[in-house]
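Structural description and commentary
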Amino acid sequence: LLSPNSVAIIGASNDETKLGGMLMKNMLNAGFKGKLYPINPKGGEIMGLKAYTSVTDVGAPIDLAVVAVKAALVPGEIPKMKEAGIKYATILTAGFKEDSPEGAELEKELVKVAKECGVKFMGPNCFGIMSPGKGINATFAHLLPESGNITIFSQSGAVGSSIIDWAYFNKMGIANFVTFGN
């Protein structure tokens, strides 16, 4: 989860105003040295990288899936992760139990499917993960603090974001940043 050599962004986009575009830009700007796989049903090219229509089309090991698609689509991505051999995911998508009774039922379905498929995940509705020393910024934050020795775990994305900003402007290094979401 915190040291992936390959990352798939499910819901990747060229549009940086969309979550999938923001995640792609943040990963590229962080200097990720591993393999980055944009996943978008349209395929093509995203931010200079070949885009795949599904994680099952990549044909190479993927250590971490970062999910940024509509809530209703998230449970359906989990069996694809299993088929592709992905064991870890971070799900930034919102619209689950924090949103409505229907969202709570959708979250129960997500948990059930993930357990059946053996996929462990952070989220849903989380701010993401970050490991500056490894060039990983799979979060909403565009600021990347220096690499350091402190690991921060936060349920709250707002609190976590404030810590990232404070660390960046005060030159405090962070080893890892993880949010739990729901």
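Described below are features of the structure shown in this document.

Criteria and thresholds
Residues numbered from 1 in each chain as written. Predicted model: local features only at pLDDT ≥ 70, side-chain atom pairs only at ≥ 80, totals over all residues. Heavy atoms only, no water. Helix = DSSP H or I, 4+ residues; strand = E, 2+ residues; numbered from the N terminus. Rg over C-alpha atoms; globule rule 2.2 N^0.38 Å. Buried < 20%, exposed > 50% of the residue type's maximum accessible area, 1.4 Å probe, protein only. Contact = heavy atoms within 4.5 Å. Pairing = 2+ DSSP bridges. Axes fitted to C-alpha atoms, helices over the stretch in contact; angles between N-to-C directions. Salt bridge = Lys/Arg side-chain N within 4 Å of Asp/Glu carboxyl O. Polar contact = N/O pair within 3.5 Å; in protein donor to acceptor, adjacent residues only side chain to side chain. Right-handed = clockwise from strand over helix to strand, strands pointing away. Arc of directions from axis to C-beta.

So, the overall build of the protein chain
- Secondary structure summary: the protein chain contains four helices and eleven strands in total.
- A compact globule built from 182 residues should have a C-alpha radius of gyration of about 16 Å, and the protein chain, at 15 Å, falls within 12% of that.
- Along the first, second and third principal axes, the C-alpha atoms of the protein chain reach 40 × 40 × 30 Å.
- Buried positions account for 48% of the 182 residues belonging to the protein chain.
- A separation of at least 24 residues holds for 66% of the contacts in the protein chain among residues at least 6 apart in sequence.

So, the sheet that holds strand β6 (residues 88–91)
- Strand order in the open sheet formed by five strands is β2-β1-β5-β6-β7, and the pairing between neighbours is parallel. Two strands close off the open sheet at either side, each with one partner strand: β2 (35–39) and β7 (120–122). Geometrically, the sheet is characterised by an average inter-axis angle of 20° between neighbouring strands, direction not taken into account.
- Direction of pairing for strand β1 (residues 6–10) relative to β2: parallel, over a ladder of five bridges. Within β2, the position partnered with I10 by the bridge is I39.
- Across the sheet, helix α1 (residues 19–30) lies against β1, β2 and β5 (64–67), angled at about 160° from β1, the strand it touches most.

Describing the pattern of salt bridges
- The tally for this structure, following the rule as stated, stands at five salt bridges.
- Measuring nitrogen to oxygen at the nearest pair gives 3.3 Å for the salt bridge that ties E16 to K25.

Remarks on the environment of M24
- Following the sequence through the fold, M24 ends up in helix α1.
- In sequence terms M24 and N149 are 125 residues apart; their C-alpha atoms lie 25 Å from each other.
- Aside from chain neighbours lying at most four places away, what touches M24 is I9, A12, S13, L36, P38, I46, M47 and L49.

Structural notes on the side chain of T93
- In this structure, T93 sits in the loop between β6 and α3 (101–117).
- For T93, the side chain forms a polar contact with the main-chain oxygen of V69, separated by 2.7 Å.
- For T93, the contacting residues outside a window of four places in its chain are V67, A68, V69, K70, A71, V74, P124 and N125.

What to know about the pairing of β5
- Residues L64 and V66 point to one face of β5 and A65 and V67 to the other, with burial holding for every one of them.
- Inspection of the sheet shows β1 paired to β5 by four bridges, in the parallel sense. Paired with A8 across the bridge in β5 is A65.
- The parallel pair β5 and β6 is bridged by helix α2 (residues 74–84), and the resulting crossover is right-handed.

Quick notes on unusual backbone geometry
- Of the consecutive residues G123 and P124, the connecting peptide bond is found in the cis state with omega at -5°.
- With a phi angle near 50°, M47 is a residue other than glycine that sits in the positive phi range.
- Relative to the helices and strands, M47 resides in the loop between β3 (45–46) and β4 (49–50).
- A relative accessible area of 23% means that M47 is categorised as partly exposed.
- Despite not being glycine, N125 has its phi angle at roughly 60°, a positive value.
- With respect to the element layout, N125 can be found in the loop between β7 and β8 (128–131).

A word on α2
- Among the residues of α2, V74, P75, E77, I78 and M81 are the ones counted as buried. The buried side chains of α2 occupy one side of the element, clustering within an arc of 145° when seen end-on.
- Packed against the buried residues of α2 are β1, β5, β6 and α3.
- At the C-terminal side of α2, G85 shows a positive phi close to 85°.

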